[in-house]
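Working through the structure, step by step
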Amino acid sequence: MSLKAVRKLAAGLLGPDGVVEDPAGLRSYSCDGLTGWRATPGLVVLPTTTEEVSSIVAACHKHSVPFVARGSGTGLSGGALPATDGVLIVTSRMRRILEIDPDNRIAVVEPGVTNASVSVAAAPFGLYYAPDPSSQIVCSIGGNVAENSGGAHCLKYGFTTNHVLGVEVVLPDGTVTTLGGMTTETPGYDLRAVFVGSEGILGITTKVMLRLLPKAEAVRTFVADFASPEEAGEAVTAIIAAGIVPSAVEMMDHLAIQASEAATSAGYSLEAGAALIVELDGPRGDCEAEFARSVELCKQAKASKIRVAAGEAERQLIWKGRKAAFAAAGRLSPSYYVQDGVIPRTALGRVLRRISELSEAESILVANVFHAGDGNLHPLVLYNPAVSGEGERAERLASQIVAICVEEGGSITGEHGVGVDKACSMPKMFSEHDLATMKKVRDAFDPAGLANPGKLFPTPRLCGETPGPYRPHPTELAGVAERF
Amino acid sequence: MTTAPTEPLRPKDTAELSKLLAGMYASATPVEVRGGNTKAWGHHSAHATALDTTGISGIVEHSAADQTVRVGCGTRFSDLQAQLASAGQRVALDPPDRGGTATVGGVLASGDHGPLRQRYGAGRELVIGATFVLADGTVAKSGGQVIKNVAGLDLAKLLCGSLGTLGILSEVVLRVHPLPQASATLTMKADAELATAAALTAGRSVAEPCAIEWDGEAMLFGFEGAAEGMAMRAEGLKADLQAAGLGAGDLGELSPAAAETAWGRLARSREAPAGGICIRMAALPSRLAELSAAAQKAAEIAGAEVALFSHAGLGLTDVVATANEGGSVEELLSQLRRLCSKVATSVVVRDRGWQGEPEIDLWGPRPDAASVMAAVKRSLDPKGILAPGRFAPWW
Ligand SMILES: Cc1cc2nc3c(=O)[nH]c(=O)nc-3n(C[C@H](O)[C@H](O)[C@H](O)COP(=O)(O)OP(=O)(O)OC[C@H]3O[C@@H](n4cnc5c(N)ncnc54)[C@H](O)[C@@H]3O)c2cc1C
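Residues numbered from 1 in each chain as written. Chains lettered and ligands numbered in written order. Predicted model: local features only at pLDDT ≥ 70, side-chain atom pairs only at ≥ 80, totals over all residues. Heavy atoms only, no water.

1. Structural notes on unusual backbone geometry
In this chain, B:Ala392 is followed by B:Pro393 through a cis amide linkage whose omega measures 5°. Within the secondary structure, B:Pro393 is located in the segment after helix H12 (370–380). At A:Asn452, a position not held by glycine, the phi torsion is positive, near 45°. You can see A:Asn452 is positioned in the loop between helix H16 (432–445) and helix H17 (460–463). Although it is not a glycine, B:Glu208 adopts a positive phi angle of roughly 50°. Assignment of secondary structure puts B:Glu208 in the loop between helix H7 (192–204) and strand E11 (211–214). Taking relative accessible area as the criterion, B:Glu208 reaches 18% and is therefore assigned buried. (Helix = DSSP H or I, 4+ residues; strand = E, 2+ residues; numbered from the N terminus. Buried < 20%, exposed > 50% of the residue type's maximum accessible area, 1.4 Å probe, protein only.)

2. Regarding the interface of chain A and chain B
Each partner contributes to the interface: chain A provides 87 residues, whereas chain B provides 77 residues. In total, about 6,500 Å² of surface goes out of reach between chain A and chain B, with carbon and sulfur atoms giving 60% of it. Broken down residue by residue, the surface that chain A buries against chain B is led by A:Glu185, A:Pro187 and A:Tyr189, which jointly contribute 13%. Counting across the interface, chain A meets chain B through nine salt bridges. With a shortest N-O distance of 3.6 Å, B:Arg204 and A:Asp103 are connected by a salt bridge. Where the side of chain A that touches chain B is concerned, the elements lending two or more residues are helix H6 (154–157), strand E9 (176–180), helix H7 (191–195), helix H8 (229–241), helix H10 (284–300), helix H15 (426–429) and H16 of chain A. (Contact = heavy atoms within 4.5 Å. Buried area = accessible area lost by both parts, 1.4 Å probe. Salt bridge = Lys/Arg side-chain N within 4 Å of Asp/Glu carboxyl O.)

3. As for the pattern of salt bridges
Tallying each qualifying case throughout the model produces 39 salt bridges over all chains. We note a salt bridge from A:Arg442 to A:Asp446, for which the minimum N-O separation is 3.7 Å. An identical accessibility class is assigned to A:Arg442 and A:Asp446; each is buried. Because the salt bridges share partners, they merge into one network encompassing A:Glu185, B:Arg117, B:Glu213, B:Arg270, B:Arg280 and B:Asp318.

4. Some words on the site of the ligand
All names here are of chain A. Of all residues adjacent to the ligand, which total 31 residues, the nearest are Ala-69, Gly-71, Thr-74, Ser-135 and Ser-140. Within the backbone of Gly-79, a nitrogen or oxygen atom sits 3.1 Å from an oxygen atom of the ligand. Within the complex, the protein chains bury 92% of what would otherwise be the 980 Å² of accessible surface of the ligand. Elements supplying a minimum of two residues to the shell around the ligand: strand E3 (67–70), helix H5 (141–147) and strand E10 (204–211). In terms of residues, the shell around the ligand owes the most to one element, H5, which gives five residues. A class-by-class count of the residues in the shell around the ligand yields eight nonpolar, 19 polar and four charged. Here the shell around the ligand gathers at least three residues from each of two domains, domain 1 (3–90) and domain 2 (97–214). (Near = heavy atom within 4 Å. Polar contact = N/O pair within 3.5 Å; in protein donor to acceptor, adjacent residues only side chain to side chain. Areas by Shrake-Rupley, 256 points an atom, 1.4 Å probe, with all protein chains shown as cover. Nonpolar A, V, L, I, M, F, W, Y, C, P; charged D, E, K, R; others polar. Domains from an automatic or database assignment.)

5. Things to note about the domain arrangement of chain B
Residues and elements named next belong to chain B. Partitioning chain B into domains gives domain 1 (1–179 + 365–395), domain 2 (182–265) and domain 3 (277–352). Just the C-alpha atoms count here: the centres of domain 2 and domain 3 sit 24 Å apart. Taken together, the twelve residues of domain 2 in the interface contact eleven residues of domain 3. Three residues stand out in domain 2 for area buried against domain 3, namely Thr-196, Glu-213 and Trp-214, and they jointly supply 50% of the buried area on that side. The interface formed by domain 2 and domain 3 contains five residue pairs in polar contact (both at pLDDT 80 or more). Among the elements of the structure, H7 and E11 are those that each provide at least two residues to the side of domain 2 that touches domain 3. Of all the elements, H7 adds the most residues to the side of domain 2 that touches domain 3, at six residues. Here the residues of the side of domain 2 that touches domain 3 are counted per class, giving seven nonpolar, two polar and three charged.

6. With respect to the sheet that holds E3(A)
All names here are of chain A. Pairing in this open sheet of four strands is mixed, and the strands run E1-E2-E4-E3 from one edge to the other. Lying at the two open borders of the sheet, with one neighbouring strand each, are strand E1 (19–20) and E3. Bridge analysis of E1 against strand E2 (residues 43–45) gives two bridges, and the strand direction is antiparallel. What sits directly across from Val-19, in E2, is Val-45. Helix H1 (residues 2–14) rests against E1, E2 and strand E4 (87–90) of the sheet, and its axis sits at about 25° to E2. Across the sheet, helix H3 (residues 50–63) touches E2, E3 and E4, and the angle it forms with E4 is around 165°. (Pairing = 2+ DSSP bridges. Axes fitted to C-alpha atoms, helices over the stretch in contact; angles between N-to-C directions.)

7. Considerations on the state of the cysteines
Here, the word disulfide means a covalent bond between the sulfur atoms of two cysteines. Summed over the entire model, instances satisfying the criterion amount to one disulfide over all chains. A disulfide bridge connects A:Cys424 with A:Cys463, and the sulfur atoms are separated by 2.0 Å. Between A:Cys424 and A:Cys463, the S-S dihedral sits near -85°, and the bridge is therefore left-handed. Placement of A:Cys424 in the loop between helix H14 (390–407) and H15 and of A:Cys463 in helix H17 is noted, with a sequence separation of 39 residues between them. The class of A:Cys424 is buried, set by a relative accessible area of 17%. Free of any disulfide, A:Cys154 has its nearest neighbouring cysteine sulfur in A:Cys139, separated by 13 Å. Exposure remark for A:Cys154: the relative accessible area of 2% places this residue in the buried category. Between B:Cys160, a free cysteine, and B:Cys73, which holds the nearest cysteine sulfur, the sulfur-to-sulfur gap is 9.6 Å. (Disulfide = S-S within 2.5 Å.)

8. With respect to the sheet that holds strand E8 (residues 164–170) of chain A
All names here are of chain A. The five strands lie next to each other as E5-E6-E10-E8-E9, forming an open sheet whose pairing is antiparallel. Of all the strands in the sheet, just strand E5 (97–101) and E9 have a single pairing partner and so form its edges. Mean inter-strand twist for the sheet, computed between neighbouring axes without regard to direction, equals 15°. Pairing of E8 with E9, which is carried by five bridges, proceeds in the antiparallel orientation.

9. Side note on the domain arrangement of chain A
Bring the parts together and some accessible area is lost; that lost area is often taken as the interface size. Residue and element names in this part refer to chain A. You can read the domains of chain A as domain 1 (3–90), domain 2 (97–214), domain 3 (218–328) and domain 4 (333–447 + 459–484). Centre-to-centre, using C-alpha coordinates, domain 1 lies 22 Å away from domain 2. Contacts between the two partners involve 14 residues from domain 1, matched on the other side by 15 residues from domain 2. In total, domain 1 and domain 2 occlude about 1,200 Å² of area from one another, counting both sides; carbon and sulfur atoms represent 64% of this. For the interface between domain 1 and domain 2, the tally reads zero salt bridges. Our count for the domain 1 to domain 2 interface comes out at four residue pairs in polar contact (both at pLDDT 80 or more). The set of elements that each furnish at least two residues to the side of domain 1 that touches domain 2 consists of H3 and E3.

Structure representation (structure tokens):
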């Protein structure tokens, strides 16, 4: 088989440390953060240089072997789900920060470098890397580029795509090229713009040039309690209407607060219907003025309590409570689905009412955590797999929530990506022509379709003839994958 | 090949645009799209049929509370801004006005921008969704109408700066920002050395200037934000410049009227004068002084008058030039490329103050990625009818 040829080349090139072949080792790479999808890769390689990645990809190209890139494996849409007959190219040994240029505010890093370590390296110069996904301690810059990751502060600072100056990539035929570069402009098409967020289907990033920002002079954070998420949503509208762009506006509903408090004791009010976390940053004078105005607007919007972070320690605690909400959902229920739909923020009240009606109808609890500033919902649909039928009802509910987001003019995913998880939902948002046009761009990069096949685009194999509700993944049917 | 009709085609909506293009694609007729025709950058074909987008105009939906606007691409950019302003908002993009006729689609497709790019990025940062028509008439969209959205490939950004060669933008959704409550402009005299150091310091300053410009003689720093913060920010920048040993002695604030004049003059100055040229050099901000020295030297060799205008915080420097008696802007261009080959990552021609001959090398050395770019072009426009040769000789 052709995989054999790639294995042989990789073994010679990377040595024993760079190749995983034993079954137990291979199985440890069988899923990313979306653990419901599993497949054991045919081969795992851990290259250390661009040249090694290029040689391996060229060999895959030559022998028609599919390949999948993997960073830290924290992705939540199954983007790094391996191909059973292919190679998984893991960047965890490409972890060097190659350059910090404080004058020009640029960091050049290898793809396996973690998001947080870029900011750590930039800190001595008063600089930082703005996109801050909650997974930033572990997730890789290469993964961030592939998913166009956001973070709590993207309302003001934007997403990965707004902070990547250039990417060195290994194209699906093994050629190395640079899209964008070190400078603000490079001539010709902005291919970096399609590469960022392309979920590994256009090639493998081997070096990333990032723009750094000066750390804000001042930061102010407060939590406002409201009787309901709708009322909290109105406070957000008032803040935005006043011309203020907070660096972050996050919300947790009653159930999410219970879970988070049980896990962290961060001091959120257990009786609140919703907690709004508002953070402002910038030059001190601006920050203080907008902070005072935002607090006032929350009071006018009937906040029952305002808790102002007295210092950095309390600010960190508030964020800990918010960031723990996901994991803490495990305290409410043994299992849950996380959705990532986006709605126009002003539709929040209506959408939440519909979600709660559905939740009642299915007798399934939903805890809501949102990036309230930009309408990105993270409903946690809770269920107990041991109770017969609950898993199906939860799954149905989760997919209805996505449909509502699209109906409201929103998106099926705000930051977790499409991957395998939402590939079959793409036709809800995009027409056949839209998808065919995206495929044309993909074909220009990868005519043979070997880079991360089966991701992002709906395929008949994955979704059946028509898009619809969940069906077993072909790998599940073949007995090589299971969904938990 | 058919000959070009004299009157440009002017579809009134996406459906009509699609139909027109499908027809031209069937007959392999080359098409050049134009909005306000204010930025006819890149090469032009004498045989192409002109397609005017100004019929696809008007705001479709402005959702102020969601901070988005959906707009027809033939809408004048200035009209869009005026309408948003009445709701206290704007698109945070300030491309040179060029007589007020520039269209939304033209601004995006050219990648044009102004000083505010320092803070808000270029059009690519502000476009969140697009409906566009491919060469064969296919109507496609990418993105959507919410600010946060990672579903699918971001083709709206790809079309930004593609100069009408990949598809024709028909409707876009843009992120809008609140109009700033207050603004301030500081200025100080600066030669190239001082300008370089001042731009780097300002770029790292917690006073967060939203614009960092050098016009060859002085720095202009723009600030926007809360009224209460303006004075502190000006003081903050001054302190940072002083701490960096840059004097800042004559750093002074302009009156609102003087500021408006200064920014307006700066915007107009980037247009190529009759018979002249505007050349865009991209480099790291720290290399500004070297670019400036190279430009002076190239001007001497080529017999040209040059003026430099730099988005100094961004490392984007424009050389506006005219030839003296016996001199040549073409020579200036090749001298600049020679002298800056290690300093600038690209030296490309933007505006030309003439039409037709002489045809010059607008783009310079072929980049590495040109083969993928050409493949993308072939894939989206297999017959090559959209603005053929615009990026020649690359594709
Ligand atoms: C607890 C938790 C919290 C999270 N919070 C957030 C959040 O706040 N915001 C957010 O946006 N996401 C969040 N995520 C999702 C996830 O962390 C991000 O998508 C992240 O960018 C994935 O990085 P990774 O290195 O783990 O990538 P992986 O999971 O390894 O891979 C993700 C995708 O990137 C591709 N890829 C990886 N490396 C490369 C490369 N070098 N070249 C090309 N393609 C590559 C893979 O093929 C795959 O498609 C969270 C995840 C978890 C588990």
